[in-house]
Amino acid sequence: MRRTAIAMVAGGILSGVITVPQASADGSDGPPLREAISSLPVIGEDRLGYERTAFRHWIDADRNGCSTRAEVLMQEAVEPPAVGTGCTLSGGRWYSYYDAAYVDGASGLDIDHMVPLAEAWDSGASQWTAAQRQAYANDLDEPRALVAVTARSNRAKADRDVAEWLPPAAAARCQYLVDWVTVKTRWHLAVDDIERDALVREASACPDVPIVTTPADTPLPN
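Residues numbered from 1 in each chain as written. Predicted model: local features only at pLDDT ≥ 70, side-chain atom pairs only at ≥ 80, totals over all residues. Heavy atoms only, no water.

Draft legend 1. Region of interest: the overall build of the chain. For the chain, the count of helices and strands is seven helices and eight strands. The burial tally for the chain puts 48% of its 222 residues in the buried class. In the chain, 74% of the contacts between residues at least 6 apart in sequence involve partners at least 24 apart. If you sum the accessible surface of the chain, you get close to 10,400 Å²; carbon and sulfur atoms cover 52% of it. (Helix = DSSP H or I, 4+ residues; strand = E, 2+ residues; numbered from the N terminus. Buried < 20%, exposed > 50% of the residue type's maximum accessible area, 1.4 Å probe, protein only. Contact = heavy atoms within 4.5 Å. Areas by Shrake-Rupley, 256 points an atom, 1.4 Å probe, with all protein chains shown as cover.)

This is the structure:
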């Protein structure tokens, strides 16, 4: 499971906790959460020209027969599914940390882009090449970029940012902020004033954990 500490089960009691980012390959830590928020560029959002098809996703990057969606499902399963011909998945169990729910079978799950595609477009991805947008939409190198969650929670979130939507499970919110800021930092994505204010406000009640990620090769927003 890629998020090793999203949930802990002890004596039948479920408690959500924050996954503390690990040190980077060179042994250094990233900036603390609040500092990382203050470092995000602030620009106005512009959705002009956005189309979901601008982000080609659920590709089979390593040509092993499994799409990005299937790869995330296999990596995040708490009970592994059986993998059949054509990478069809059967059985398995998942934990949707947005709403603290267990899900049996992959059909009840969506793979959420932590920072939605439309929000990424607004925040700088409109300046990227098609290849960069494809890489973003299928980012398996950053474990926080894609997450398996219940279809109902993903669709409730839609393309809204943290000023407009937070996970219904209160214990998940600090984890969600860390994940959001990690992805925005990795992909050089900006925030608008309202989003920044929401991040600052919500992060004030969260542990100031380091934001550790590898920067993607994309232009800075302007």
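Draft legend 2. Local environment of the environment of Q132. Within the element layout of this structure, Q132 appears in helix α4 (residues 130–137). Since its relative accessible area comes to 18%, Q132 is described here as buried. Separated by 55 residues in sequence, Q132 and W187 place their C-alpha atoms 9.7 Å apart. In this view, Q132 contacts W187, D217, T218 and P219; residues no more than four positions away in its chain are not counted. Within the structure, Q132 has its side chain in polar contact with the backbone oxygen of D217 (distance 2.9 Å). (Polar contact = N/O pair within 3.5 Å; in protein donor to acceptor, adjacent residues only side chain to side chain.)

Draft legend 3. Quick peek at the confidence of the model for the chain. Summarising the model, the chain shows a mean pLDDT of 90, and 87% of its residues fall at 70 or more. Across residues 1–18 the pLDDT falls below 50, and counting only partners more than four positions away or on other chains, this stretch makes 47 contacts in the model. Here residues 23–27 scores under 50 on pLDDT; set against residues more than four positions off or in separate chains, the count is four contacts. (pLDDT = per-residue confidence, 0-100.)

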